[in-house]
Every structure is written in C-alpha cells, then in structure tokens.
Amino acid sequence: MLLPTSFVRPKKADRAKRWPALLKTFSSVLVFGIGACLLWRHRDFVVANVRFDRTYLTLDILGIVSSCILIGLKYQATFWLLGLRLGITDSVAVGLTNRFFNQFFPSLGEVLVAVYMKRAHELSLLAYSGLFVATWCLSFLGNLVLVGVVALFFVWLPYGLLFLLGLAVVAVAAWISLKRYLSRPFSGRFTSFFEGLEAIFRHPSIVAWIILIDLLYALGMVLRYWASFRLAGIELPWGRSMALVPFANVITMLGITPLGAGLTEYVLGCLGRVLDYDVRMGALASSLDRGAMLLTTIVLGPLGYGWLMLRIPGDRKKKPSGTLPPVL
C-alpha cells in the first residue's frame, strides 16, 4: 500500500541538509525578536538620544544606496571573469536584490542572484559558486587588511604590524598553494566550480577593479556610520568612523545572522571603549543605520527583484533552476 506523499518520512540525508537552513531561520527570528524587545525596553533611552536631522538622515540613505549600487557593480565585474556582460541597470537591480533579501535570511540574496543568472544567462550554479567563493575570500582578506590598518593607527602599533605581517604571509602561502592546486586538470561534476574559482587568476585587471569597488564600498560605509552616529548625537570624526567599517564588514560576510544583525551592533558598541564613545550610544547609532537600510531597501529592493524577474526570458521562467549553490 502506498502512503500519501505527506506521510512519507524524509531520508536522513535530506533531514541533515535542512538543519543549516533551520538554524539560520531560527537565528534570524531570534535576532529580530531580541532586537525588538531591547528597543521596547530601552525606548526612553532611544527617544531621549535620537535626533532626526534631515541632512544626516539623507547622507545615511545616500550611503546605503551607494552601497547597493557598488554591490551590483561588483557582481558585474565578477561575471566579467567568465565573459558574461551584465548591463548597468541589471547590475544595480542585482545589488538591491542582494541587500534586500539578505536582511531577512543569511545569504538568501546570493541564492536568488544565482537562480537569476542561471535562468536569464544560463550560468552554471557551480561556476557561480566558484566565483562567489573566490570573490568572498578576496573581500574577506581585504577587510582583514583594513582591520590591521585600524589596529595600527587606533589600537597598538606593534599589534597592527604583527597582524599585517602574519596576514601577508598567510595570504601569499594560500595564493601559491591554491594556484598550484587549480593548475591540475579537473573533470567530473565539479569542473565548472573549479573553473569559476580559477577565473580570478586569469584576469588581474578585473580583480584590481573588484578590489577598488570594495574600497569605494568601505568609503560608503564610512559615510553611513559618520551620519548615523550624528543621528545618535555623537560627533564621531571621519577617522574613527573608518575604524568601524572593517569590523562591521567582516561580521556581515560571516553570514551568521542576516547582514550581521545584532552582532554588528554589539561589536560596534564594544569598540566604543577604544574609540572613546559610550557603548550604548555606539549600539544605538549602528541600529539607526540598520533601520535606515531596512526602510530604504524595502522601497527599492522589490523594484530591483521585479526588474530581474522581467528580464528572464519567458521560455525559461518555468524551468527548474537545479541544485542551489552552497549558502556560505
């Protein structure tokens, strides 16, 4: 006797694959729930310290929009590595889609972009995964370098020098080892993944452009924190605003919570002990920036996602997208 599909127990392998998604869903709900409770509990503190200056709020929103655009341009440059040409409008839509959906579930934006590239441009999901891993490692390394520079100027000179020296040794060793590893011939199911990973070694000029976009993105983040701290009543200089950026970016890239929600506010608050501002005020300022980003992307994100859906050819919209790339 055949049981209905709803009564068939999933295999152990299928249940194991669901655990990471379930944990990330739980972390998302938990983070937003705790955040809402904290805001309600400390509402008097928030009301007393927040000043809604139109100039600073506008600058914060401009920084957020520029961040979305730069993320889209980074995607565009990344796809150049495989010879795919993505238009400016599509690139901006990709950036908006990424930021909008990543706020609610870790790496959901990357997954949706992968599905779009599969259906609209027939880019292999494994090749996309290889590109994503390569550029993720490149950006992560760049932010670690910025952390070392911050330590050099704001924390302790010997510590910063040792950090940068050790990071340089590890990066060179990893670069040489990876290049030798990828020089071997690959065949089979993961060939396209390694082709995407290897593409970063074949186009140094595009890699340089990606690094420049990351630096411009960091400058946009400096503007955002400079403005959001003033919305919280803190006159934080540009140099100290810059010191916050690499820590926030590293936390966001780890993908533990949606765009580092909760963890970013905690870390930026704790950095106040080094950068001479109150811990609670630091957490409040980063929360204001997150609120502004949420409101901005709620307006622009669905427009970007709708544009991408319209760009998918009609004969491909109903085709299955295949196995999704790993959520990092």
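Located above this text is the structure these notes cover.
**Q** How would you summarise the packing of aromatic side chains if you had to cite specific residues and measurements?
**A** This model, assessed by the stated rule, comprises nine aromatic pairs. Aromatic pair phenylalanine 100 and phenylalanine 101: ring centres 4.9 Å apart, planes at 75°, arrangement edge-to-face. Their ring planes at 15° and their centres at 5.2 Å tell us that tryptophan 226 and tryptophan 238 sit as a pair that is stacked. Here tryptophan 226, found in helix α9 (residues 204–231), pairs with tryptophan 238, found in helix α10 (residues 238–254); they are 12 residues apart in sequence, far enough to count as distant. Following the ring pairs from residue to residue traces out a cluster consisting of Tyr75, Phe79, Tyr128 and Phe132.

**Q** For unusual backbone geometry, give the residues involved together with the corresponding values.
**A** Positive phi, close to 55°, is recorded for glutamate 122, a residue that is not glycine. By secondary structure assignment, the location of glutamate 122 is in the loop between α5 (108–121) and α6 (125–155).

**Q** So what about the environment of leucine 271? Which residues, and what values?
**A** As for its position among the elements, leucine 271 is in the loop between α11 (263–270) and α12 (272–275). Under the relative-accessibility criterion, leucine 271 is labelled buried at 15%. For the pair leucine 271 and alanine 243, spaced 28 residues apart in the sequence, the C-alpha separation amounts to 9.2 Å.

Calculation criteria
- Residues numbered from 1 in each chain as written.
- Predicted model: local features only at pLDDT ≥ 70, side-chain atom pairs only at ≥ 80, totals over all residues.
- Heavy atoms only, no water.
- Phe/Tyr/Trp six-rings, centres within 6.5 Å; stacked < 30°, edge-to-face > 60°.
- Helix = DSSP H or I, 4+ residues; strand = E, 2+ residues; numbered from the N terminus.
- Buried < 20%, exposed > 50% of the residue type's maximum accessible area, 1.4 Å probe, protein only.

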